[in-house]
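# Examining the three-dimensional arrangement
Listed below, chain by chain, are the residues.
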Amino acid sequence: MSEEMKEQTRGEHLRKALLYDKKNGYDRLADGEQEAIEAYCTGYKQFLDAGKTERECVDRTIALAENAGFRPYVRGTELKPGDKVYRVNRGKAVTLAVIGRKGLDHGARIGAAHIDSPRLDLKQNPLYETDELAFLKTHYYGGIRKYQWVTIPLELHGVIVLKSGQTIRISIGNGEGDPLFTIDDLLPHLGVEQSKKPLGEAIPGESLNILVGSRPLADDEGKDRVKLAALELLNRKYGITEEDFISAELCAVPAFNACDIGFDRSLIGAYGHDDRVCAYACLSAILQLDPPEYTAVCMLADKEEIGSEGVTGMKSAAFDTFMTDLCQAQGVPLRACYERSFCLSADVTAAFDPNFADVYEKRNSAFVNYGLGLCKYTGARGKSGASDASAEVVARVRRVLDDASVVWQMAELGKVDAGGGGTVAAYMAQRDIDTLDAGVPVLSMHAPFETVGKLDCYMTFKGMKALFEEV
Ligand code: MN
Ligand code: MN
């Protein structure tokens with residue numbers, strides 16, 4: 001054997017032994033896993049179509065949970081291993097738990113995701129007529145790129161709560177034969193000046209007005225006949241008057257149902273992957289648990305997209321109250337439970353997009369089909385706003401995921417100076433709970449139509465289940 005050959009063999013050996021080998025998830029699947037991915041994603045797509053607002057996601061979650069034997073937890077009732085309980089927070093957030101064989105003094109395993117998504121909320125005085133067309137004024141919710149929300153079909157979802165307290169549920173657009181809505185944009189022929197504006201300024205927030213009607217009230221000579229005709233229709237169908245919009249929460253969401261993307265159907269396109277893709281992963285995992293060793297908790301929060309504020313957001317004490325109730329049933333102080341608990345903050349991350357390669361740092365980006373993306377820290381600039389998990393926490397998750405043959409990758413959002421983002425991780429860490437960010441890489445995050453890889457959806461579920469079942 002020549003010197004040269006020996007040298008090459010040594011190099012090969014060292015490469016195998018020392019270099020971190022990143023591989024496409026499709027080269028790492030176990031037998032039968034391709035079928036499992038498809039089956040899982042079929043359920044996920046149904047979950048997306050049924051839940052286009054946090055309220056609808058809660059309803060769907062309750063239905064799935066009740067079906068799996070979960071019951072609302074009544075404060076003060078006894079809890080034994082294997083008991084499955086949940087609590088809804090004001091119809092917009094839900095926490096589920098499966099009681100473990102070990103007491104809560106050993107801590108809980110928590111999966112926390114959010115079920116609100118960026119959208120256009122109606123203002124409280126939304127309906128107006130101008131130039132014989134009727135529109136609804138909107139105020140966008142969460143970080144959107146405004147130019148993406150014009151000239152797409154929109155549905156209207158939400159509630160109108162009358163002064164009497166009666167709640168009227170609204171869902172227009174996803175029923176058979178329903179009308180849709182849209183926001184118009186300038187024609188290119190007259191767009192010379194608009195086209196010179198920066199992307200972020202071309203469509204001002206106050207121009208995101210939804211077109212809702214054009215037919216004037218017949219046999220009338222007063223003003224605002226189109227608006228009046230629209231109100232007459234709403235009054236006939238829902239019994240409301242214009243003043244009732246004041247206590248309404250109506251959201252315009254894209255009128256897209258989830259669908260397969262690609263010749264190979266390997267991806268899913270839909271509205272609201274962020275963060276229903278992780279919410280469904282946490283939920284599916286907890287629904288499947290046999291009595292786990294440690295109590296498993298699935299938290300599906302609201303308001304993440306506006307900073308986890310509000311009574312239904314992750315900063316709310318509602319989570320602590322529920323956990324206190326579980327702990328008190330076992331005579332355990334909440335703080336003693338928290339300090340030994342562990343949380344995966346399950347939220348999406350940015351997938352490397354070759355169309356916009358310059359905002360990513362390729363060596364530390366998440367890739368589609370490379371599995372569940374772990375993020376040691378999110379935040380912006382010098383990690384501002386990040387909870388920055390410890391090396392010990394990351395090591396533990398590496399071990400759990402590898403032991404369960406979960407395909408996963410380590411990632412951060414993008415280039416250091418390109419921008420940033422946050423998740424609920426920081427608010428779990430504030431509670432003295434060890435927390436790591438983990439989630440599905442998404443293309444076109446926060447767009448009306450986002451794209452994810454099916455393999456990554458499934459691996460996030462598999463990873464959540466592995467965490468819940470860690471002994
Ligand atoms: Mn998110
Ligand atoms: Mn988001």
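Structure report, in brief. All figures in this text were calculated on a predicted structure; none of them were measured in a lab.

So, on to the overall build of the protein. Counting secondary structure elements, the protein contains 11 helices and 22 strands. Here the C-alpha radius of gyration of the protein, 25 Å, is about what a compact globule of 471 residues would show, namely 23 Å. By principal-axis analysis of the C-alpha atoms, the protein measures approximately 95 × 65 × 40 Å. Per-residue burial over the protein gives 51% buried out of 471 residues.

Along the polypeptide, Glu412 turns up in the loop between strand S18 (408-410) and strand S19 (420-421). At 7.0 Å, Lys383 is the nearest oppositely charged side chain to Glu412, a buried residue that forms no salt bridge. Among the polar contacts made by the side chain of Glu412, one reaches the side chain of Tyr377 at a distance of 2.6 Å. Beyond its immediate chain neighbours, meaning those up to four positions away, Glu412 contacts Asn364, Ser365 and Tyr377.

Overall, the coordinates contain 32 salt bridges when judged by the stated rule. In this structure, Lys303 and Asp302 form a salt bridge, with 3.3 Å as the shortest nitrogen-oxygen distance. For the pair Lys303 and Asp302, one class covers both residues: buried. In this structure, a network of salt bridges that share partners links the residues Glu54, Arg55, Lys92, Arg119, Asp121 and Glu249.

The manganese ion (ligand 1) binds to the protein through His114 (NE2), Asp274 (OD), Asp347 (OD) and Asp347 (OD); the donor distances cover 2.1 to 2.6 Å. Each donor residue of the manganese ion (ligand 1) lies on one chain, and together they are spaced H-x159-D-x72-D. Taken as an interatomic distance, the gap from the manganese ion (ligand 1) to the manganese ion (ligand 2) is 3.3 Å; Asp274 donates to each of them. Here the residue Asp274 occupies a position in helix H6 (residues 273-287), and Asp347 occupies one in the loop between strand S14 (342-346) and strand S15 (349-350), the gap between them amounting to 73 residues. With respect to class, Asp274 is no different from Asp347; both count as buried.

This part covers the packing of aromatic side chains. Inspection of every chain in the model, using the stated rule, returns 13 aromatic pairs. Relative to Tyr280, the ring of Phe47 has its centre 5.1 Å away and its plane inclined at 40 degrees; by these criteria the two rings are tilted. In this pair, Phe47 is assigned in helix H2 (residues 33-50) and Tyr280 in helix H6, connecting sequence segments 233 residues apart. Across the pair, exposure class does not vary: Phe47 and Tyr280 are buried alike. A centroid spacing of 5.1 Å and a plane angle of 35 degrees characterise the contact between Phe352 and Phe367, whose relative ring orientation is tilted. Of this pair, Phe352 sits in the loop between S15 and strand S16 (372-375) while Phe367 sits in the loop between S15 and S16, and the two are 15 residues apart along the sequence. Among the aromatic residues, ring-to-ring pairing joins Tyr40, Tyr44, Phe47, Tyr280, Tyr458 and Phe461 into one connected group. One cation-aromatic arrangement involves Arg109 over Tyr294; the distance from NZ or CZ to the ring centre is 4.0 Å. Across the ring face of Tyr141, the terminal group of Arg119 is positioned such that the distance to the ring centre comes to 3.9 Å.

Glancing now at the sheet that holds strand S9 (residues 210-213). Read from one edge to the other, the open sheet built from 6 strands follows the order S8-S7-S10-S5-S6-S9, with strand pairing classed as antiparallel. With partners counted over all chains shown, the strands left at the sheet margins are strand S8 (167-172) and S9, one partner each. Recorded for the sheet is a direction-independent mean angle of 30 degrees between the axes of neighbouring strands. Note: strand S5 (residues 119-130) against strand S10 (residues 248-254), 2 bridges, orientation antiparallel. Each residue of the ladder has a partner; that of Leu120, found in S10, is Ala252. Set on the sheet, helix H3 (residues 54-67) makes contact with S5, strand S7 (154-161), S8 and S10; between it and S8 the angle comes to about 100 degrees. Of the strands in this sheet, S5, strand S6 (133-141), S8 and S9 are in contact with helix H5 (residues 225-238), which crosses S5 at around 125 degrees.

For the rest of this paragraph, the subject is the coordination of the manganese ion (ligand 2). Protein coordination at the manganese ion (ligand 2): the donors are Asp274 (OD), Glu305 (OE), Glu305 (OE) and His446 (NE2), at 2.0 to 2.6 Å from the metal. Mapping the donors of the manganese ion (ligand 2) onto the primary sequence gives the spacing D-x30-E-x140-H. In this structure Glu305 comes out as buried when scored by relative accessible area, which is 13%. Residue classification places His446 among the buried residues on the basis of a relative accessible area of 17%.

What counts, and where the lines are drawn
Residues numbered from 1 in each chain as written. Chains lettered and ligands numbered in written order. Predicted model: local features only at pLDDT ≥ 70, side-chain atom pairs only at ≥ 80, totals over all residues. Heavy atoms only, no water. Helix = DSSP H or I, 4+ residues; strand = E, 2+ residues; numbered from the N terminus. Rg over C-alpha atoms; globule rule 2.2 N^0.38 Å. Buried < 20%, exposed > 50% of the residue type's maximum accessible area, 1.4 Å probe, protein only. Lys, Arg positive; Asp, Glu negative; His and termini not counted. Salt bridge = Lys/Arg side-chain N within 4 Å of Asp/Glu carboxyl O. Polar contact = N/O pair within 3.5 Å; in protein donor to acceptor, adjacent residues only side chain to side chain. Contact = heavy atoms within 4.5 Å. Donors = N, O, S within 2.8 Å, 3.2 Å for Na, K, Ca; no water. Phe/Tyr/Trp six-rings, centres within 6.5 Å; stacked < 30°, edge-to-face > 60°. Lys NZ or Arg CZ within 6 Å of the ring centre and 35° of its normal. Pairing = 2+ DSSP bridges. Axes fitted to C-alpha atoms, helices over the stretch in contact; angles between N-to-C directions.

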